[in-house]
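# Structural description and commentary
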Amino acid sequence: WEQPDGTLIMPYTFIPVIEDQGRGPELGLVMITNAIEALAHPQLRDQSTFITVNVSARHLYHRHLPTEIFGLLAHHNVTPRQIVLEITGSQDLPSSPIWRETANHLRALRIGLAMGDFGSGYSSMEQLLEFPFTHVKIDRVITHAHERPGAADLASAIAAMTSGSGMVTI
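The text that follows walks through the structure, step by step, so that each part is easy to find. Throughout, residues of each chain are indexed from 1 in the direction in which the sequence is written. Under the rules for a predicted model, residues below a pLDDT of 70 receive no local features and side-chain atom pairs below 80 are neither given nor counted, while totals for whole chains, interfaces and linings still include all residues. The side-chain quantities take in all heavy atoms of the structure and omit both hydrogens and water.

### Points about the pattern of salt bridges
Rule in force here: The rule for a salt bridge is simple: a side-chain nitrogen of Lys or Arg has to be within 4 Å of a carboxyl oxygen of Asp or Glu. Burial classes: relative accessible area under 20% of the type maximum marks a residue as buried, over 50% as exposed, and values in between as partly exposed (1.4 Å probe, protein chains only). Working definition: helices are DSSP H or I runs of at least four residues, strands are E runs of at least two. Numbering for both runs from the N terminus.
Taken as a whole and judged by the stated rule, the model has three salt bridges. Of the charged contacts, one joins E26 and R23 as a salt bridge, the two residues approaching to 2.8 Å between their closest N and O atoms. Residue class for R23 comes out partly exposed when judged on its relative accessible area of 40%. Here E86 ties to K137 by a salt bridge, and the two come within 3.5 Å at their closest N and O atoms. Here E86 is found in strand β2 (residues 83–88), whereas its partner K137 is found in strand β4 (residues 135–138), with 51 residues between them in sequence. Using a relative accessible area of 4% as the deciding quantity, one classes E86 as buried.

Encoded structure:
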């Protein structure tokens, strides 16, 4: 979030505030709408192009989310595979039937789901097996650890493992 003086406030600073205010789903839908509108641009019409949009794990408690997204995709004539929802706060992935229903409905519509920040916090192999993820984003703790021995090998191993399971690695 760029400030008028040019300084940046990082997402890990302002997103928790937005979530605490209960505004995460509202902001998430605005960001999803913006991404779909961008994908509708002629230069991004290539079906292999996709945009990931960060959404809170809490956002998937809204059963109407898949229908809203699918309506936006249809309105803008964008292929569902071009939008990927990156679930932030993966440590909070619930085992709620509502959450699972929404995630499965999104996948049935061919909308991608990414586990964000894999390799930090509480992200786990069990979550990769339990939820219908199509993408895995390796956490910056691993990807930016150039000076740490083995970091590149670890990132490569994660990429090989997730790719072998049919997921796209980011």
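### Details of the nonpolar core
Note the following rule: Grouping buried Ala, Val, Leu, Ile, Met, Phe, Trp, Tyr and Cys residues that are joined through side-chain atoms within 4.5 Å yields what is termed a nonpolar core. Every residue pair with non-hydrogen atoms within 4.5 Å of one another is taken to be in contact.
The biggest cluster of nonpolar side chains holds 34 residues, and the ones touching the most others in it are I69, I83 and L85. Within the residue set of this core, elements represented by two or more residues are α2 (24–39), β1 (51–56), α3 (65–76), β2, α4 (97–108), β3 (112–118), β4 and α7 (151–164). With residues up to four places along the chain from it excluded, the contact list for L85 reads I32, V53, V55, L65, I69, L106, I111, G112, L113 and A114.

### Some thoughts on the packing of α2 against α3
Selection criterion: For every element, the axis is a line fit to its C-alpha atoms; helices are fit only across the contacting stretch, and the angle between N-to-C directions ranges from 0 to 180 degrees. Geometric relationships in this document are graded by angle, where less than 35 degrees denotes roughly parallel, more than 145 denotes roughly antiparallel, 65 to 115 denotes roughly perpendicular, and other angles denote oblique. By definition, turning the near helix anticlockwise from the far helix through less than a right angle yields a left-handed crossing, and turning it clockwise yields a right-handed one. Charged residues are taken to be Asp, Glu, Lys and Arg, nonpolar residues to be Ala, Val, Leu, Ile, Met, Phe, Trp, Tyr, Cys and Pro, and polar residues to be all remaining types, Gly included.
Their axes nearest at 10 Å, the elements α2 and α3 cross at an angle of 25°. As summarised for this structure, α2 and α3 are arranged roughly parallel, according to the angle between their axes. The way α2 lies across α3 gives a crossing that is right-handed. Two secondary-structure elements touch here, α2 through L29, I32, T33, I36 and E37 and α3 through L65, E68, I69, L72, L73 and H76. In the contact of α2 with α3, the residues fall into seven nonpolar, two polar and two charged.

### Focus: the side chain of H135
Rules: Polar contacts here mean pairs of N or O atoms no more than 3.5 Å apart (in protein, one a potential hydrogen donor and the other a potential acceptor; neighbouring residues in sequence count only if both atoms are side-chain atoms).
Positionally, H135 belongs in strand β4. Side-chain polar atoms of H135 contact the side chain of T134, separated by 2.6 Å. Filtering out sequence-adjacent residues up to four positions away, H135 remains in contact with F50, V84, L113, A114, M115, M167, V168 and I170.

### Points about the sheet that holds β1
Formally: Pairing between strands is defined by DSSP: at least two bridges between them are needed.
The strand order across the open sheet formed by five strands is β1-β2-β3-β4-β5, and the pairing between neighbours is parallel. For this open sheet the edge positions go to β1 and β5 (168–169), each flanked by a neighbour on one side alone. Where β4 meets β5, two bridges bridge the pair, whose relative direction is parallel. Each residue of the ladder has a partner; that of H135, found in β5, is V168. Across the sheet, α7 lies against β3, β4 and β5, angled at about 175° from β4, the strand it touches most.

### Comments concerning unusual backbone geometry
Its identity as a non-glycine residue notwithstanding, N77 has a phi of 55°, on the positive side. Considering the arrangement of structural elements, one finds N77 in the loop between α3 and β2. Positive phi, normally seen in glycine, also occurs at R110, with a value near 75°. In this structure, R110 sits in the loop between α4 and β3.

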